[in-house]
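One letter stands for each residue in the lines below.
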Amino acid sequence: VIVRLLGGMLMLAGALALHSAGDTLQYVFPAPALTDGSNGLTALYRAGQEQLASIGDTLSASAIAACSQGVSLSAQKGRNVTATVYAVGEGYFDVMHETLTDGRFVSGTEVARADSIIVIDEKTALTLFPGLEPVGQELTLGGVGYEVAGVIRGGQRTGEADAQRAYIPITAAGKNALAMQTGACVAKAVQSTGSAVLMEDTLRAWHPGGSFYSLSKLRMGAAMPLRWAILIAGVSLLLALLRRSNA
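Residues numbered from 1 in each chain as written. Predicted model: local features only at pLDDT ≥ 70, side-chain atom pairs only at ≥ 80, totals over all residues. Heavy atoms only, no water.

### Examining the overall build of the chain
For the chain, the helix and strand inventory stands at eight helices and 10 strands. Residues counted as buried form 42% of the 247 residues belonging to the chain. In the chain, of all internal contacts separated by at least 6 residues, the share reaching a separation of at least 24 is 77%. On the chain, roughly 12400 Å² of surface is accessible, and the fraction owed to carbon and sulfur atoms is 57%. (Helix = DSSP H or I, 4+ residues; strand = E, 2+ residues; numbered from the N terminus. Buried < 20%, exposed > 50% of the residue type's maximum accessible area, 1.4 Å probe, protein only. Contact = heavy atoms within 4.5 Å. Areas by Shrake-Rupley, 256 points an atom, 1.4 Å probe, with all protein chains shown as cover.)

### Regarding unusual backbone geometry
Phi at Lys-77 is positive, roughly 65°, even though this residue is not glycine. Here Lys-77 is to be found in the loop between strand E2 (59–74) and strand E3 (80–88). Taking the relative accessible area as the measure of exposure, Lys-77 reaches 74% and is therefore exposed.

### Things to note about the side chain of Thr-124
If you trace the backbone, Thr-124 turns up in helix H5 (residues 122–128). Within the structure, Thr-124 has its side chain in polar contact with the side chain of Asp-121 (distance 2.7 Å). Contacts of Thr-124, omitting those with residues within four sequence positions, involve Leu-73, Val-81, Phe-129 and Gln-164. (Polar contact = N/O pair within 3.5 Å; in protein donor to acceptor, adjacent residues only side chain to side chain.)

### Focus: the pairing of strand E1 (residues 24–30)
Where burial is concerned, most of E1 is hidden: five out of the seven residues are buried. Here E1 runs beside strand E9 (residues 182–189); their pairing, made up of seven bridges, is antiparallel. Note on E9: the bridge partner recorded for Gln-26 is Val-186. By the bridge criterion, four bridges tie E1 to strand E10 (residues 211–214) in an arrangement that is antiparallel. From the neighbouring strand, Val-28 faces E10, where its bridge partner is Ser-211. (Pairing = 2+ DSSP bridges.)

### Focus: the packing of aromatic side chains
Under the criterion given, the structure shown has seven aromatic pairs. Between the aromatic rings of Tyr-92 and Phe-93, the centroid separation amounts to 5.3 Å while the plane-to-plane angle is 85°, which identifies the pairing as edge-to-face. For the pair shown, Tyr-92 and Phe-93 are each scored as buried. For the ring pair Phe-93 and Phe-105, a centre distance of 4.3 Å and an interplane angle of 15° mean the geometry is stacked. Of this pair, Phe-93 sits in helix H3 (residues 92–95) while Phe-105 sits in the loop between strand E4 (100–103) and helix H4 (108–113), and the two are 12 residues apart along the sequence. On the basis of relative accessibility, which here comes to 16%, the residue Phe-93 falls in the buried class. On the accessibility criterion, Phe-105 (24% relative accessible area) is partly exposed. Put simply, the rings of Tyr-86, Tyr-92, Phe-93, Phe-105 and Tyr-167 touch in pairs and so form one group of aromatic residues. (Phe/Tyr/Trp six-rings, centres within 6.5 Å; stacked < 30°, edge-to-face > 60°.)

### Here we look at the environment of Glu-160
Residue placement: Glu-160 occurs in the loop between strand E7 (144–152) and strand E8 (164–169). Distance from Glu-160 to Ser-68, taken between C-alpha atoms, is 9.8 Å for residues 92 residues apart in sequence. With residues up to four places along the chain from it excluded, the contact list for Glu-160 reads Gln-69, Thr-84, Tyr-86, Gly-155 and Arg-165.

### Examining helix H7 (residues 195–206)
Relative to the 16 Å expected for 12 residues at 1.5 Å per residue, H7 spans 16 Å between its end C-alpha atoms, a close match to the ideal helical length. On its buried side, H7 packs onto E1, helix H2 (40–54), E2, E9 and E10. (Expected span 1.5 Å × (residues − 1).)

### Focus: H2
Between its terminal C-alpha atoms H2 stretches 21 Å, which fits the 21 Å expected from 15 residues at 1.5 Å a residue. Taken together, the buried positions of H2 are Leu-41, Thr-42, Leu-44, Tyr-45, Gly-48 and Leu-52. The buried residues of H2 occupy an angular sector of 155° when projected down its axis, which confines them to one face. Those residues of H2 that are exposed and aimed more than 90 degrees away from the buried face are Glu-50, Ala-53 and Ser-54. (Arc of directions from axis to C-beta.)

### Thoughts on the nonpolar core
A general trend in soluble globular proteins is that nonpolar side chains are found buried together. Leu-73, Tyr-92, Ile-118, Leu-139, Leu-141 and Met-199 are the most contacted members of the largest nonpolar core, which has 59 residues in total. It is E2 that provides the largest number of residues to this core, a total of nine residues. Setting aside chain neighbours within four positions, we find Leu-141 in contact with Val-71, Ser-72, Leu-73, Val-85, Ile-118, Tyr-146, Ile-168 and Leu-178. (Core = buried A, V, L, I, M, F, W, Y, C linked by side-chain atoms within 4.5 Å.)

### Points about the confidence of the model for the chain
The predicted structure's coordinates, where accompanied by low pLDDT, should not be read in detail. Per-residue confidence for the chain gives a mean pLDDT of 81, with 72% of residues at or over 70. Here residues 1–21 is modelled with pLDDT under 50, and outside its nearest four sequence neighbours on either side it reaches 32 contacts, counting other chains as well. In the model, residues 218–228 has pLDDT below 50 throughout and makes 13 contacts with residues more than four positions away in sequence or in other chains. (pLDDT = per-residue confidence, 0-100.)

Structure (structure tokens):
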């Protein structure tokens, strides 16, 4: 009975995995001149928010962000790391999951005030502040001091050139004229609303030349062999048990 139950559980787990949850959408566009000392990045953030608000009924969460890879973060005693830095707007962590281990995420209030605060990963914290509590410490990014507000678990993502990453308010990046390589709109779709098509059409009309992705489908595709293996293992186990019981 236990073995049959195990087989059924494996089969169910595989089937559920093949049809797993809601869609995370991302529209990425080049941003070579978003910051020019005139708050260009902040202006883009405000305009992007308006575009996402116009289709808000089809999205459960959304945010504007920008990204730059190969950025130097430094602290006292000559300690430094190279990281991928995300400049994020309000609601970003409602869409893109991170595990917070200390402190806090970038808040909507800090975005509104363009505070020079930063969230770093554990590896960066250990490198820049060995033996110290990282939250409350200061590091330098682009010649500007940022206070560490939080620490995340980290781990290099697909497509990132750097092993470390950090987050700052997108408005602080604009205020401090920190050059970004790409801009992005990220969102979680409401199921069965045609939100992916609507979001893509809306954002392409607003900011042409970008690339549209379903992150959920990309992740599901990467994990598909394992999901099929679980399903097949469950079916095979149940069939073997049936053959034994009929023998």
